[in-house]
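What follows is each chain in one-letter form.
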Amino acid sequence: MDVLHSRDIAEVLLTNNITSIILLGFPNVHAFKFLIFSLLVFIYFATISGNLLIMVLYLMSKTLQSPMYFFITQLSLCDILLTTDIVPILLHTLLYGGCTMTLIGCVFQLCCFLILEASECLLLSVMSYDRYLAICNPLRYHSFMNHRFCVTSVNVIWLLGFSMTMTDVISIHNLHFCGPHIINHFYCDLEPILQLSCSDTFIIHTQVLILGSFLVMGPFVIIVASYICIAITILKIPSNIGRHKAFSTCSSHLIVVSFFYGSLMIVYMFPTKGHSAILSKVLSLMYTVLTPLLNPIIYTLRNKDFREAFQKFQVIWS
């Protein structure tokens, strides 16, 4: 009888899979719903416009045809795709008090999110290597950072981000989901989806940890090592003007890296027990919504070449 009972339970778990997911978003902000909605709409269009502007300026301006600006355009592409993956559904949850998605749609959103986050980590590490060569080994910069290397590295980054993320997605697809079908978040993150599964998730948690270490912490180690070498080189420059000029060439990238990795570490590396759900959502907003907005602002406002290219762009279209 016990064997039959166990078999019946197994059949229920295998056949009664959930087909839809309800994202709660921010259910307790009714008084400020339209204010927050309007703010997010503004942020969304500002993010798309700012990152598209960077890409257009790069294509139109001869002064921006360098490896660093090529990588910045790829970062802008990541930010456009990331904010488009997250924000429209977030706006829907705010406006209607929640959002119902198919399970496949939820996994697809997670897939896009993981690919873009992994690609951005890898891209930031290549950009740090670019700054390392420019400051620590300028005589060999152009021989290493040629057009072929830039295009190849970007192709490898997107391929790695896609292939390794698909490994996680295939593992998730093989899980069985039996509810509840409610996620108290504004997008389909990995851990909330795994919590809906009635399968053993130990293997996939281990797999995610290994791949995450490679795709997130691996690039972080490269970035830290690059900036240690950069700092040592800058400190050896005798003049204050020379040190300031050298530091200014990598300050924008350093700010972007600090904000991006800082928010990721707060959300994923520190214990979440004891944190309220609203705090976790606000922290998640930092790297899903605010970072894509701040990246073009940081790179354009602090960069003389971008400002000059924008002025020429205004003259052409005026």
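Quantities reported herein were computed from a predicted structural model and do not represent experimental measurements.

### A closer look at the sheet that holds strand β2 (residues 99–102)
Here is step 1 of the chain: Across the sheet, three strands lie side by side as β2-β1-β3; this open sheet has mixed pairing. Every other strand in the sheet has two partners, leaving β2 and β3 (182–183) as the edge strands with one partner each.
Here is step 2 of the chain: The sheet contact formed by strand β1 (residues 20–23) and β2 spans four bridges and is antiparallel. Bridged to Ile 21 within β2 is Met 101.
Here is step 3 of the chain: Docked against the sheet, helix α3 (residues 67–96) engages β1 and β2, running at close to 135° with respect to β2.
Here is step 4 of the chain: In the packing of helix α4 (residues 103–136) onto the sheet, contacts are made with β1, β2 and β3, and the angle to β2 comes to roughly 90°.

### Considerations on the environment of Leu 122
Here is step 1 of the chain: Position of Leu 122 relative to the elements: it lies in helix α4.
Here is step 2 of the chain: By relative accessible area, which is 11% here, Leu 122 ends up buried.
Here is step 3 of the chain: In sequence terms Leu 122 and Ser 153 are 31 residues apart; their C-alpha atoms lie 9.5 Å from each other.
Here is step 4 of the chain: Once you skip the residues sitting within four places of it in the chain, Leu 122 turns out to touch Ile 157, Leu 160, Gly 161, Leu 215 and Pro 219.

### With respect to the environment of Phe 177
Here is step 1 of the chain: Counting through the fold element by element, Phe 177 comes out in the loop between α6 (147–173) and β3.
Here is step 2 of the chain: Considering only alpha carbons, one finds Phe 177 and Ile 193, 16 residues apart in sequence, at a separation of 9.1 Å.

### Re the packing of aromatic side chains
Here is step 1 of the chain: Using the criterion set out here, one finds 12 aromatic pairs in the structure.
Here is step 2 of the chain: Their ring planes at 50° and their centres at 6.3 Å tell us that Tyr 58 and Phe 70 sit as a pair that is tilted. Placement of the pair is Tyr 58 in helix α2 (residues 33–60) and Phe 70 in helix α3, with a sequence separation of 12 residues. Summarising the burial analysis for this pair, Tyr 58 and Phe 70 share the class buried.
Here is step 3 of the chain: An aromatic cluster is built from Phe 26, Phe 113, Phe 186, Tyr 187 and Tyr 287, whose rings are joined through pairwise contacts.
Here is step 4 of the chain: Its end group placed over the ring of Phe 26, Lys 281 keeps NZ or CZ at 5.5 Å from the ring centre.

### Overview of the nonpolar core
Here is step 1 of the chain: Phe 71, Met 127 and Ile 172 are the most contacted members of the largest nonpolar core, which has 90 residues in total.
Here is step 2 of the chain: With 18 residues, the top contributor of residues to this core is α4.

### Describing the state of the cysteines
Here is step 1 of the chain: Within this structure, the stated rule accounts for one disulfide.
Here is step 2 of the chain: What pairs with Cys 106 in a disulfide is Cys 188, and their sulfur atoms sit 1.9 Å apart. Taking the sign of the torsion about the S-S bond as the criterion, the disulfide between Cys 106 and Cys 188, at about -115°, is left-handed. Of this pair, Cys 106 sits in helix α4 while Cys 188 sits in the loop between β3 and α7 (190–194), placing them 82 residues apart in sequence.
Here is step 3 of the chain: Look at Cys 188 and you get buried, because its relative accessible area is 0%.
Here is step 4 of the chain: Looking at Cys 136, it has no disulfide partner, and the nearest cysteine sulfur is the one in Cys 229, 5.7 Å off.
Here is step 5 of the chain: Of the residues examined, Cys 136 reaches a relative accessible area of 25% and is grouped as partly exposed.

### With respect to the packing of α3 against α6
Here is step 1 of the chain: Two elements in contact, α3 and α6, have axes separated by 10 Å at closest approach and are oriented at 25°. One way to sum up the angle between α3 and α6 is to call them roughly parallel. As for how α3 packs across α6, the hand of that crossing is right-handed. Residue-level inspection shows Pro 67, Phe 70, Phe 71, Gln 74, Leu 77, Cys 78 and Leu 81 of α3 in contact with α6, the latter providing Cys 150, Val 151, Ser 153, Val 154 and Trp 158.
Here is step 2 of the chain: For the contact of α3 with α6, the class distribution of residues is 10 nonpolar, two polar and no charged.

### Thoughts on the pattern of salt bridges
For side chains of opposite charge, pairing can occur when their charged atoms come near one another.
Here is step 1 of the chain: The final tally for this structure, using the stated rule, is one salt bridge.
Here is step 2 of the chain: Asp 130 is the salt-bridge partner of Arg 131, the closest N and O atoms lying 2.7 Å from each other.
Here is step 3 of the chain: Its relative accessible area of 9% is what places Arg 131 among the buried residues.
Here is step 4 of the chain: Using a relative accessible area of 0% as the deciding quantity, one classes Asp 130 as buried.

### Examining the UniProt feature "transmembrane region" (unreviewed entry) in the protein chain
Here is step 1 of the chain: On the UniProt side, "transmembrane region" (unreviewed entry) is annotated at positions that read residues 12–29, 35–59, 71–95, 101–129, 149–167, 209–235, 247–270 and 282–301 here.
Here is step 2 of the chain: Taken end to end, residues 282–301 has its terminal C-alpha atoms 26 Å apart, with 100% of it in helix and 0% in strand.

The rules we used
Residues numbered from 1 in each chain as written. Predicted model: local features only at pLDDT ≥ 70, side-chain atom pairs only at ≥ 80, totals over all residues. Heavy atoms only, no water. Pairing = 2+ DSSP bridges. Helix = DSSP H or I, 4+ residues; strand = E, 2+ residues; numbered from the N terminus. Contact = heavy atoms within 4.5 Å. Axes fitted to C-alpha atoms, helices over the stretch in contact; angles between N-to-C directions. Buried < 20%, exposed > 50% of the residue type's maximum accessible area, 1.4 Å probe, protein only. Phe/Tyr/Trp six-rings, centres within 6.5 Å; stacked < 30°, edge-to-face > 60°. Lys NZ or Arg CZ within 6 Å of the ring centre and 35° of its normal. Core = buried A, V, L, I, M, F, W, Y, C linked by side-chain atoms within 4.5 Å. Disulfide = S-S within 2.5 Å. Parallel < 35°, antiparallel > 145°, perpendicular 65-115°, else oblique. Left-handed = near helix turned anticlockwise from the far one by under 90°. Nonpolar A, V, L, I, M, F, W, Y, C, P; charged D, E, K, R; others polar. Salt bridge = Lys/Arg side-chain N within 4 Å of Asp/Glu carboxyl O. UniProt positions renumbered as here; feature names shortened; annotations may be inferred.

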